[in-house]
Amino acid sequence: MSFDVIFSHGLVVDGTGAPPRRADVGVKGDRITAIGDLSAAQAGERVDCTGLAVSPGFIDIHTHYDPQILWDSGLTPSSWYGVTTAILGNCVSLRPNRASSSGS
């Protein structure tokens, strides 16, 4: 298999909860297409990631997107910068409000 880019020898943190592991990450176009030992694979570019963490995305654990997700399902601009998961409801949350009574 041929790749556009292979990130070699990095510590892969895949976001599944599995422990980080040393592996190569192969990218073709805008997709990760292989993770593992890609030392024999061809690539247009090979990036040595020895001593670095390689992650396919990031989890934003403190957002204020609760209202924004109603009109912007991409949660921009975070998704533009590699955030693949956003945790909502930890600061500002949408909830039903009591109807105000007149004179209060």
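Residues numbered from 1 in each chain as written. Predicted model: local features only at pLDDT ≥ 70, side-chain atom pairs only at ≥ 80, totals over all residues. Heavy atoms only, no water.

Trainee: I would appreciate a short explanation of the overall build of the protein chain in the present structure.
Mentor: Helix and strand content of the protein chain: zero helices and seven strands. The secondary structure elements of the protein chain, listed N-terminal to C-terminal, are β-β-β-β-β-β-β. For the protein chain, the proportion of its 104 residues judged to be buried stands at 23%. Look at the contacts in the protein chain between residues 6 or more apart in sequence, and 54% of them connect residues 24 or more apart. (Helix = DSSP H or I, 4+ residues; strand = E, 2+ residues; numbered from the N terminus. Buried < 20%, exposed > 50% of the residue type's maximum accessible area, 1.4 Å probe, protein only. Contact = heavy atoms within 4.5 Å.)

Trainee: Would you explain the nonpolar core in this entry?
Mentor: The nonpolar side chains of soluble globular proteins are, as a tendency, buried together. By size, the foremost hydrophobic cluster in this structure holds seven residues: Val5, Val12, Ala23, Val25, Val27, Cys49 and Val54. Of all the secondary-structure elements, those providing two or more residues to this core are strand S1 (2–12) and strand S2 (21–28). Sort the elements by how many residues they give to this core and S2 lands first, with three residues. In this structure Ala23 touches Phe7, Ser8, His9, Gly10, Val12, Ile35 and Gly36, once residues within four positions along its chain are discounted. In terms of nonpolar packing, the next biggest core, distinct from the first, is built from five residues, Phe3, Ala34, Leu38 and Ala41 among them. (Core = buried A, V, L, I, M, F, W, Y, C linked by side-chain atoms within 4.5 Å.)

Trainee: Would you mind going over the pattern of salt bridges with me for this structure?
Mentor: Scanning all chains against the criterion turns up one salt bridge. Notably, a salt bridge pairs Arg31 with Asp30, separated by 3.9 Å at the nearest N-O pair. Taking relative accessible area as the criterion, Arg31 reaches 57% and is therefore assigned exposed. The class for Asp30 is exposed, based on a relative accessible area of 65%. (Salt bridge = Lys/Arg side-chain N within 4 Å of Asp/Glu carboxyl O.)

Trainee: What am I meant to see in unusual backbone geometry here?
Mentor: Excluding glycine, residues mostly carry a negative phi; peptide bonds, for their part, are mostly trans. The linkage connecting Thr76 with the following residue, Pro77, adopts the cis geometry, with an omega of 10°. Among the secondary structure elements, Pro77 is positioned in the loop between strand S6 (58–60) and strand S7 (83–86). The phi dihedral of His9 falls on the positive side, at around 65°, and the residue is not glycine. When you line up the elements, His9 lands in strand S1. Among the residues examined, His9 registers a relative accessible area of 46% and is labelled partly exposed. Non-glycine residue Leu75 carries a positive phi angle of around 45°. Tracing the chain through its elements places Leu75 in the loop between S6 and S7.

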